[in-house]
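Structural characterization, general
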Amino acid sequence: NMHTSDVDKDGLKAGQRGLVESPRGKLYASVVEAHIGQPGVVRIAEGAWCCFRETNGETIDMGGSVSTLMSKRPARIGQGAVIAGGCRVKIRQA
């Protein structure tokens, strides 16, 4: 989910496939507009299992797993789990 103002600003459209990328990885996800949430924040609840494919010279997770974007470092309070907050990403048209 993206705030409506971010969808418009980034030139994306609801229902369009977007490429979400962080320093750790890239994944495809559908753009969903939401009037809730904070501008500048993207919410990806979950994705499918990782399914990596080589596309135009880039390795992209076709399954949309948020783990693709996150650090491998376990959280101190998560007892080994990775906390999914605070990951900086860029989103562009796929």
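A brief report on the enclosed structure follows. Keep in mind that what you see is a predicted model, and the values were worked out from it rather than measured. (Residues numbered from 1 in each chain as written. Predicted model: local features only at pLDDT ≥ 70, side-chain atom pairs only at ≥ 80, totals over all residues. Heavy atoms only, no water.)

**Things to note about the overall build of the chain**
Across its full length, the chain holds one helix and seven strands. Mapped in sequence order, the helices and strands of the chain form the string β-α-β-β-β-β-β-β. Counting over 94 residues, the chain shows a buried share of 28%. A fraction of 58% describes how many contacts in the chain between residues 6 or more apart in sequence connect residues 24 or more apart. Carbon and sulfur atoms form 51% of the exposed surface of the chain, whose accessible area is close to 6,500 Å². (Helix = DSSP H or I, 4+ residues; strand = E, 2+ residues; numbered from the N terminus. Buried < 20%, exposed > 50% of the residue type's maximum accessible area, 1.4 Å probe, protein only. Contact = heavy atoms within 4.5 Å. Areas by Shrake-Rupley, 256 points an atom, 1.4 Å probe, with all protein chains shown as cover.)

**Describing the pairing of strand E5 (residues 52-55)**
Examined bridge by bridge, E5 and strand E6 (residues 58-61) share four bridges and lie antiparallel to one another. By the bridge assignment, Thr 55 is partnered in E6 with Glu 58. Once E5 ends, the chain turns through two residues before running back antiparallel as E6, passing Asn 56 with a positive phi of about 50°. (Pairing = 2+ DSSP bridges.)

**A short note on the packing of aromatic side chains**
Counted by the stated rule, this structure contains zero aromatic pairs. Arg 17 extends its terminal NZ or CZ atom over the ring of Tyr 28, reaching a point 3.8 Å from the ring centre. (Phe/Tyr/Trp six-rings, centres within 6.5 Å; stacked < 30°, edge-to-face > 60°. Lys NZ or Arg CZ within 6 Å of the ring centre and 35° of its normal.)

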